[in-house]
Structure formats: C-alpha cells, structure tokens
Amino acid sequence: MAAPEIFDRAARRHRRDRAATNYAAHDFLRAAMLDGIAERLASVKRAFTDVLDLGSFDGAFVPPPGARVTRLDAGHAFARISGGVQADEDRLPFADASFDLVISAGVLDQLNDVPGALALTRRVLKPDGLFLGAMLGAGSLSALRAALRVAEAERPVARLHPQIDVRSAGDLLMRAGFALPVADTESLRVRYASIGRLLGDLRGMAATNVLANRHLLGRAALARAAAAFAGAADADGRTSETFEIVFLTGWSPSPDQPQPAKRGSATASLAGALRDRH
C-alpha cells in the first residue's frame, strides 16, 4: 500500500502554470539559488558535457560552455518555455548514467518523495557525476508563520510546507547514496511593506500552499495575519522576512574518488598526539 502523499501534484502543476506568465517579476529567490550553484560549480575544475536542469522554471540556468542541457519541470508552461520535458522530479523519465551534472534550484522542498528524488538523481548521474541543489529550508518565512499563528491561535491549520534543515539535508544525500556529501545554508532577507506583497511574491514564484490537505484562509483570519505582520515592522513600516536557502552538493560514487581511511589504519594515536602538544 502506497504511503499518502503530502503534496497535491495536480495543484502544484497548476500553481506553476499560473506563475509562468509573470515569473520574471518574482524570480529573486531562485536567482539567488542559481548564483550560489554557479559559485560552487566554478570551484570544480573539470568539464561537463551532459547537464540536467531539474525543475527548470523559465530556463534561466546557464550550463557550462559547450555542455548539452536537458530541462525538466513539473509544470506544462515552464517545460514549454524552457524547451524541456514535463514530468515530476521524483518520477524521472531518464535512463541511468545519462548526465555528468545535475542541478536543481527551488523545487526539492515541494516533492512528495525527496529521498526518492535524490536517489533517482544519483542514478541518472554517470559515475563521478556532480549534483548541485538548492531549496528553501528550515527557518524560512518566520515572519509569515508568526503572523499566521496569531491569526489562527484558536484553531491552527497547516498552511506552509514542512521544511528540511541543513543536517537532515546532509543525511538525505547520504541516504540517497551520494559520495562526499555537503549541505550548507545561506540566508536571504527581504523587507515587505505588507503581507500582501509577500503573498504576491510567493504566488509569483509558485511557492504557495500545495499541501494535499489544505484549507482556505478566511477574510477575518487574513486581516488578523496582516495586522500581526504589520505589527512586526521596523520604524519605516517594513517587515523583514527570511528565506533560508539550503545548498546540496554530492557526487555519484566512483572508484576514482578519494576514499576515507579504513578504521584502525592510523599510524599514530590521539593520546600520543595530545601528549606531544604539552
């Protein structure tokens, strides 16, 4: 029996199609993710020839010079705009060992099966292929969460997606079979004049609620949330919102990669080293 899915796949496709028309006006978060991925990619001194852009949005990711890029998005409109394939990121339609680089920016936190998606990503990588990912992580949207808690104090409802912290992200990479896994975070703070502007950005970047069990936010609750959000504003009337970006790096295993030393292979003891320091 299959486990119940957290996210509504049809709703997610619809939200992505709705966002595609005016995405460029709200793409700052993914742009920050792509900048971080580009920075990490620049530190890798090797050539890549076959690249997968997993969750392509409008196709803004620029592949390394000379590389062929395949793009995939869960939304029909984004897949069409980017010249890619329409499919869910945890149901990849590619053969094993098809790519030597996979990048993914801004979609992993909206998947029903994140471990499965990462395992599939590793499988479509060639040996010693590289995965670079970025997603919204734990600690994000703290101002919005606080406002919603105030608005629905008597009957709280899950309205924002579960979030993965950096330690869990590293564990997921290891669980998926990646070698040399690294997970780290960067914070992006944006100041908003109103909760409406924040919600507009979330709609525009296809990041609103697609939980399978979701409920409408009534007008009275929205008004209370708006007041609570405004109450947290600085002296200039703007409220700071936080976006925590979790970056993921992992390699497809290969015999040519550096291997950790076997247990018991050390030639000097820790106790001896400590004695030598006195």
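Residue positions are given per chain, counted from 1 along the sequence in the order it is written. Owing to the predicted nature of the model, reporting of local features is limited to residues with pLDDT of at least 70; listing and counting of side-chain atom pairs is limited to 80 or more, with chain, interface and lining totals taken over all residues. Excluding hydrogens and water, the side-chain figures rest on all heavy atoms present in the structure.

**Section: the overall build of the protein**
Piece 1. Per the convention used, a helix needs a DSSP run of H or I reaching at least four residues, while a strand needs a run of E reaching at least two, with both numbered from the N terminus. Along its length, the protein carries 9 helices and 7 strands.
Piece 2. Across its three principal directions, the C-alpha atoms of the protein cover 70 × 55 × 45 Å.
Piece 3. The classification of residues rests on relative accessible area computed with a 1.4 Å probe and restricted to protein chains. Under 20% of the type maximum is buried, over 50% is exposed, and intermediate values are partly exposed. For the protein, the residues scored as buried account for 46% of the 278 residues in total.
Piece 4. Any two residues whose heavy atoms approach within 4.5 Å at even a single point are treated as in contact. Summarising the internal contacts of the protein: among those between residues at least 6 apart in sequence, 79% fall at separations of at least 24.
Piece 5. About 14400 Å² of surface is accessible on the protein, with carbon and sulfur atoms providing 55% of the total. Per-residue accessibility takes into account occlusion by the displayed protein chains alone, with areas from the Shrake-Rupley method and a 1.4 Å probe.

**Observations concerning the packing of aromatic side chains**
Piece 1. Aromatic pairs are defined between Phe, Tyr and Trp rings, using the six-membered ring for Trp, whenever the two ring centres lie within 6.5 Å; interplanar angles under 30 degrees are classed as stacked, those over 60 as edge-to-face, and all others as tilted. Under the criterion given, the structure shown has 6 aromatic pairs.
Piece 2. Here tyrosine 23 and phenylalanine 78 contribute two aromatic rings whose centre-to-centre distance is 5.3 Å and whose plane-to-plane angle is 80°, an arrangement assigned as edge-to-face. Pair noted here: tyrosine 23 is in the loop between helix H1 (9-20) and helix H2 (28-42) and phenylalanine 78 is in helix H3 (residues 76-82), with a separation of 55 residues, a long-range link. Just as tyrosine 23 is buried, phenylalanine 78 falls in that class too.
Piece 3. An aromatic cluster is defined as three or more aromatic residues linked by ring pairs; in this entry it consists of Tyr23, Phe57 and Phe78.
Piece 4. The residue whose ring lies beneath arginine 16 is phenylalanine 57, and the NZ or CZ to ring-centre distance is 4.1 Å.
Piece 5. Over the face of the ring belonging to phenylalanine 247 we find arginine 40, whose NZ or CZ atom lies 3.8 Å from the ring centre. Counted as over-ring charges are cases with an Arg CZ or a Lys NZ within 6 Å of the ring centre that also lie within 35 degrees of the ring normal.

**Re the nonpolar core**
Piece 1. The biggest cluster of nonpolar side chains holds 42 residues, and the ones touching the most others in it are Leu130, Leu141, Leu144, Leu198 and Phe243.
Piece 2. Nonpolar cores are built from buried Ala, Val, Leu, Ile, Met, Phe, Trp, Tyr and Cys residues. Side-chain atoms within 4.5 Å join them into one set. One finds Leu52, Ala87, Val102 and Ala117 within the second-largest nonpolar core, a separate group that totals 25 residues.

**A word on unusual backbone geometry**
Piece 1. Phi angles above zero are rare outside glycine, and phenylalanine 57 is one such case at about 50°.
Piece 2. Note that phenylalanine 57 resides in the loop between strand S1 (50-54) and strand S2 (68-73).

**Overview of the pattern of salt bridges**
Piece 1. Each salt bridge in this description consists of a side-chain nitrogen of Lys or Arg and a carboxyl oxygen of Asp or Glu lying within 4 Å of one another. For the coordinates displayed, the defined rule picks out 18 salt bridges.
Piece 2. Between arginine 30 and aspartate 53 there is a salt bridge, with its nearest N and O atoms 3.4 Å apart. Taken as a pair, arginine 30 in helix H2 and aspartate 53 in strand S1 lie far apart in primary sequence, 23 residues in all. The two residues arginine 30 and aspartate 53 agree in class, both being buried.
Piece 3. Sharing partners across several salt bridges, the network here consists of Glu5, Arg9, Arg13, Asp88, Asp90 and Arg91.

**Details of the packing of helix H4 (residues 114-124) against helix H6 (residues 166-175)**
Piece 1. As a rule, the C-alpha atoms of each element are fitted with a line to give its axis, helices using only the stretch in contact, and angles between N-to-C directions run from 0 to 180 degrees. Running from N to C, H4 and H6 cross one another at 50°; their axes reach a closest spacing of 9 Å. Classified by the interaxial angle, the pair formed by H4 and H6 is oblique. Crossing angle aside, the handedness with which H4 passes H6 is right-handed. Residues Val114, Pro115 and Leu118 of H4 touch H6, and the partners they reach there are Leu172, Leu173 and Arg175.
Piece 2. Residue composition of the contact of H4 with H6, grouped by class: 5 nonpolar, no polar and 1 charged. For this classification, under 35 degrees means roughly parallel, over 145 means roughly antiparallel, 65 to 115 means roughly perpendicular, and everything else is oblique. The handedness criterion is simple: a crossing whose near helix is rotated anticlockwise from the far helix by less than a right angle is left-handed, and one whose near helix is rotated clockwise is right-handed. All amino acids are sorted into three groups, where Ala, Val, Leu, Ile, Met, Phe, Trp, Tyr, Cys and Pro are nonpolar, Asp, Glu, Lys and Arg are charged, and the leftover types, Gly among them, are polar.

**Quick notes on the sheet that holds strand S3 (residues 85-86)**
Piece 1. Taken in spatial order, the 7 strands make up an open sheet running S3-S2-S1-S4-S5-S7-S6, and their pairing is mixed. Looking at which strands have only one partner, the edges of the open sheet turn out to be S3 and strand S6 (179-192).
Piece 2. Following DSSP output, two strands are said to pair if at least two bridges run between them. As defined by bridge partners, S1 adjoins S2 across 5 bridges and the pair is classed as parallel. What sits directly across from valine 51, in S2, is valine 69.
Piece 3. In the packing of H6 onto the sheet, the strands contacted are strand S5 (125-136), S6 and strand S7 (239-251), and the crossing angle to S6 comes to about 145°.

Interpretation note: all reported values are geometric properties and have no functional meaning in isolation.
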